[in-house]
Amino acid sequence: MEAKIIRILDGDTVEILYGQLPIKLRLEHIDCPEKRGKQPFGNRAKIALSDLCFGQMVSVSSDGKFDRNGRLIGVIFNKDSLNVNKEMVRLGMAWHFKKYSDDMSYDRLEREARAAKVGLWSDPNPVAPWDYR
């Protein structure tokens, strides 16, 4: 589906406008540092996501499933056809969320970001959001 990114809630959640309908969208395959509670890199992840897609018309790939918070789960492709979900991992702004994803391309990107110590991997002891919560 084609939609416009109208709000960035945090590093892995946006609000899209599909026609006239605003929909909260949770980025599939990834988990970002928490903004609430001031987890390190939480705000930077939100800014990185904003830089990648805010205000853009994007393509969203989704199988129509929703998470327990009622957010549609999907993958965003920005105006340059870049997979935003994967780019967040590549930039070191997100973990591969293995509990809900078996797409190993995200795992490879996370390992590369860790090895390069980019983004949150520059922290000597990064804490996964599911452990932080």
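Just above sits the structure.
Residues numbered from 1 in each chain as written. Predicted model: local features only at pLDDT ≥ 70, side-chain atom pairs only at ≥ 80, totals over all residues. Heavy atoms only, no water.

A. How the structure looks around unusual backbone geometry. At H29, a position not held by glycine, the phi torsion is positive, near 80 degrees. Checked against the element boundaries, H29 lands in the loop between β3 (21–27) and β4 (30–31). A residue is classified by how much of its surface remains accessible, and H29, at 15% relative accessible area, is buried. If you check the backbone angles, F41 has positive phi at about 75 degrees while not being a glycine. (Helix = DSSP H or I, 4+ residues; strand = E, 2+ residues; numbered from the N terminus. Buried < 20%, exposed > 50% of the residue type's maximum accessible area, 1.4 Å probe, protein only.)

B. Quick look at the environment of K79. Inspection of the secondary structure assignment puts K79 in the loop between β6 (72–77) and α2 (84–90). Residue classification places K79 among the exposed residues on the basis of a relative accessible area of 56%. Taking the C-alpha atoms as reference points, K79 and K98, separated by 19 residues in sequence, lie 27 Å from one another. Apart from the residues lying within four places of it in its own chain, the contact partners of K79 are Q56 and M57. Within the local environment of K79, its side chain forms a polar contact with the side chain of D80, the two groups lying 3.5 Å apart. (Contact = heavy atoms within 4.5 Å. Polar contact = N/O pair within 3.5 Å; in protein donor to acceptor, adjacent residues only side chain to side chain.)

C. Structural view of the pattern of salt bridges. What the rule picks out here adds up to twelve salt bridges. Two residues, R7 and E15, come together in a salt bridge whose shortest N-O distance is 3.0 Å. On the basis of relative accessible area, R7 is assigned to the partly exposed category, the value being 36%. According to the relative accessible area criterion, E15 is buried, its value standing at 15%. Put simply, K98, D107, E110, R111 and R114 are held in one network by salt bridges that share partners. (Salt bridge = Lys/Arg side-chain N within 4 Å of Asp/Glu carboxyl O.)

D. Up close: the nonpolar core. Grouped together as the largest cluster of nonpolar side chains are 33 residues, with contacts concentrated most on V14 and M88. Every element with two or more residues in this core is listed here: β1 (2–10), β2 (13–18), β3, α1 (42–53), β5 (57–61), β6, α2 and α3 (104–116). The leading source of residues in this core is α1, at five residues. Each residue touching V14, except ones within four places of it in the same chain, is listed here: I5, R7, I8, L9, I23, K24, L25, L27, L49 and I76. (Core = buried A, V, L, I, M, F, W, Y, C linked by side-chain atoms within 4.5 Å.)

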